[in-house]
Amino acid sequence: MDYAIRWKWGHRILDRYFTGATMNYRQMISLFIPILVDQAFIMGLNLINTAMISAAGVAAVSAVNMIDSLNIFLFSIFIAVATGGTVVVAQYKGNGNVKKVSEASASAVSVVTLLGLIVGLLGIALHVPLLNVLFGSAQADVMSYARVYLIGSCISFAGIAIVEAICGALRGVGSTRASLVLSLIMNILYVLLNFLFIHGFHMGVLGMTIALNIARYGGAVCALYYLFKVDVNLKVRMKELFRVKWEMFRKILFIGFPFATEQMFFNGGKIITQIFIVWMGTYAIAVNAICAALAGAMQIPANALSLTIITVVGICIGSGNVDEARKFTKSFLVLSSMSFVVMGLIILPLFNPLIALFDPPAEIVDDIFLILLVNTLVQIPLWAISFITPSALRAAGDAKYTSVVSMLTMWLFRVVMGYVLGVVLGWGVLGVWIAMDLEWGVRGLIFLKRFYGTKWLQHRLI
């Protein structure tokens, strides 16, 4: 009887806050769960991969962490455009225009793949000056590993671009299970190959790079096969990938280009803060890498919600239901903050067994715990308003505003305060993380003010 009462009470809450004329809570759950599983696997596999590369030594971990900050910068360019594709596809889905859904999907795959190829080639061509300018103060063994990992990562960009573009289009029409399967194929293959090359063949960073390329291009082949032979929602034909649809490109880039610019500046700021940490030494780089991995695990449900809200708001806007776009965004904000409470209660008590996976030097364990504790507490009120809100604004077409705000707050607060707190005042890695948390708060409050106004609703994509 108690169970029946609790279920009835829970059903009423879900019905009140996550159900409307456009969508109901069951549809949202069907969107969210595959994305959640996908994010959990990605972060979990990242933890495993970081733990595996730890066997190659602190220098290898430091190199991978350094280059991953640069990879995120380069990677974000075409991932941002893929997000533009998701928004356009979702709005056409809400509008009920099947033909335009197909055209938008094909255009997204074409432009994102091309960008992935261009960015990868530029990264390879400029890898020497990039490494020297950004991480020239790193130790010689760290730089040697970094060079191998950067070149290998850039080679893989075209493969991951194909996967992300197709998965983004699938999320736009609500086919999150299919995007989950494709992501799992790629990421599980990556971990298995990492284990083989790192632990089996003892190839260290080079083995990790080989595994990365095989997994991403294998995933691309699977994604293309699914798109042309299995999918029944997007209805994309191969020849459509080679047709230039300028109007559709313009719509995708209207969202994607400002977001890509934002991500370049935003992640460029992260690279600057990474440089601050490189100045602090190899142990500081390792502290930052392990903290980032553990913090990322805590963000799994919230990241899934931030991806889900793009489809939800996009469909609401496409169908002309503005009130529900507001209602669902508020519900997602509360749910995201609650998720950090739950994840903190799970991960903090498991700190010792989790940290043992990385086998860090004993002298840095206390620093890792302090940073993780502070960040866990700050995420509860600040993460959602800083990331869920702009996802909703962007899904409505308000891409330029969110991009400008993110760029300004990153450079005026996180970079400047990171230098002051971390370097000038000598707070080290903790100072850099506190600066990041402060920037979340400033950015989130600005986005909330925008959300409670009407200007974000004045854009029209379709």
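Residues numbered from 1 in each chain as written. Predicted model: local features only at pLDDT ≥ 70, side-chain atom pairs only at ≥ 80, totals over all residues. Heavy atoms only, no water.

A.B. asks: Quick rundown of the nonpolar core? Include the residues and the values.
C.D. replies: Phe135, Val312 and Ile368 are the most contacted members of the largest nonpolar core, which has 146 residues in total. Of all the elements, helix H3 (residues 58-95) adds the most residues to this core, at 19 residues. The residues touching isoleucine 368, leaving out its near neighbours within four places in the chain, are Val287, Ile290, Cys291, Leu294, Phe351, Ile355 and Pro360. (Core = buried A, V, L, I, M, F, W, Y, C linked by side-chain atoms within 4.5 Å. Buried < 20%, exposed > 50% of the residue type's maximum accessible area, 1.4 Å probe, protein only. Helix = DSSP H or I, 4+ residues; strand = E, 2+ residues; numbered from the N terminus. Contact = heavy atoms within 4.5 Å.)

A.B. asks: Before we move on, could you go through the pattern of salt bridges and cite the residues and values that matter?
C.D. replies: Per the counting criterion, the structure on display carries six salt bridges. Lysine 100 serves as the salt-bridge partner of glutamate 103, at 3.4 Å between the closest nitrogen and oxygen. Taken together, the residues span about one helical turn, with glutamate 103 and lysine 100 both in helix H4 (residues 98-125) at a distance of three residues. Glutamate 103 gets classed as buried once you look at its relative accessible area, which sits at 12%. With a closest N to O distance of 2.8 Å, glutamate 439 and arginine 443 form a salt bridge. On the criterion of helical spacing, the pair formed by glutamate 439 and arginine 443 is a turn pair, its members being four residues apart in helix H17 (residues 429-451). For glutamate 439, a relative accessible area of 0% gives the class buried. Look at arginine 443 and you get buried, because its relative accessible area is 2%. (Salt bridge = Lys/Arg side-chain N within 4 Å of Asp/Glu carboxyl O.)

A.B. asks: Can you explain the side chain of arginine 326? Please cite residues and give values.
C.D. replies: By secondary structure assignment, the location of arginine 326 is in helix H13 (residues 322-347). Nearest to the buried, unbridged arginine 326 among oppositely charged side chains is aspartate 323, at 5.4 Å. Once you skip the residues sitting within four places of it in the chain, arginine 326 turns out to touch Phe451, Tyr452, Gly453, Thr454, Trp456 and Leu457. (Lys, Arg positive; Asp, Glu negative; His and termini not counted.)

A.B. asks: Give a detailed account of helix H12 (residues 300-318), specifying residues and quantitative values.
C.D. replies: Over its 19 residues, H12 runs 28 Å from end to end, which matches the ideal 27 Å to within 8%, given 1.5 Å per residue. A positive backbone phi angle near 80 degrees is found at glycine 320, which sits one or two residues after H12. (Expected span 1.5 Å × (residues − 1).)

A.B. asks: Please provide a residue-by-residue account of a nonpolar patch on the surface, values included.
C.D. replies: Taken together, the side chains of Trp279, Tyr419, Val423, Val424, Leu425 and Trp427 present a nonpolar region at the surface, about 610 Å² in accessible area. Examining the composition of the nonpolar patch, we find that three residues originate from one element, helix H16 (residues 399-424), more than from any other. Within the secondary structure, valine 424 sits in helix H16. Residue class for valine 424 comes out exposed when judged on its relative accessible area of 53%. (Patch = residues over 30% accessible without salt bridge, like charges linked within 9 Å, V, L, I, M, F, W, Y side chains within 5 Å. Areas by Shrake-Rupley, 256 points an atom, 1.4 Å probe, with all protein chains shown as cover.)

A.B. asks: Can you tell me about unusual backbone geometry, naming the residues and giving the values?
C.D. replies: Despite not being glycine, histidine 202 shows a phi value in the positive range, around 55 degrees. Note that histidine 202 resides in the loop between helix H8 (176-200) and helix H9 (204-230). You can call histidine 202 exposed: its relative accessible area is 66%. Unlike most non-glycine residues, lysine 235 shows phi in positive territory, near 55 degrees. Along the chain, lysine 235 turns up in the loop between H9 and helix H10 (246-279).

A.B. asks: For the environment of leucine 115, give the residues involved together with the corresponding values.
C.D. replies: Here leucine 115 shows up in helix H4. Once the C-alpha coordinates of leucine 115 and alanine 158 are considered, the two residues, 43 residues apart in sequence, prove to be 8.0 Å apart. Ignoring sequence-local partners within four residues, the contact set of leucine 115 consists of Phe78 and Val81.

A.B. asks: I'd like to hear about the packing of aromatic side chains, residue by residue, with values.
C.D. replies: The full count for this structure, using the stated rule, is 14 aromatic pairs. Taking the centre distance of 5.8 Å and the plane angle of 55 degrees together, the rings of phenylalanine 197 and phenylalanine 201 count as tilted. A relative accessible area of 48% means that phenylalanine 201 is categorised as partly exposed. For the ring pair tryptophan 383 and phenylalanine 387, a centre distance of 4.6 Å and an interplane angle of 25 degrees mean the geometry is stacked. Here tryptophan 383 pairs with phenylalanine 387, and both are found in helix H15 (residues 365-395), just four residues apart, close to one helical turn. Owing to a relative accessible area of 23%, phenylalanine 387 belongs among the partly exposed residues under this scheme. (Phe/Tyr/Trp six-rings, centres within 6.5 Å; stacked < 30°, edge-to-face > 60°.)

A.B. asks: Pulling in residues and values, what's your account of the side chain of glutamate 439?
C.D. replies: A polar contact of 2.8 Å, which involves the side chain of glutamate 439, links it to the side chain of arginine 443. Discounting chain neighbours no more than four positions away, the residues touching glutamate 439 are Phe266, Ser406, Thr409, Met410, Phe413 and Arg414. (Polar contact = N/O pair within 3.5 Å; in protein donor to acceptor, adjacent residues only side chain to side chain.)

A.B. asks: Any details on the environment of proline 301? Residues and values, ideally.
C.D. replies: With respect to the helices and strands, the residue proline 301 is situated in helix H12. The buried category is assigned to proline 301, whose relative accessible area is 13%. Contacts of proline 301, omitting those with residues within four sequence positions, involve Phe32, Leu36, Ser339 and Met343.

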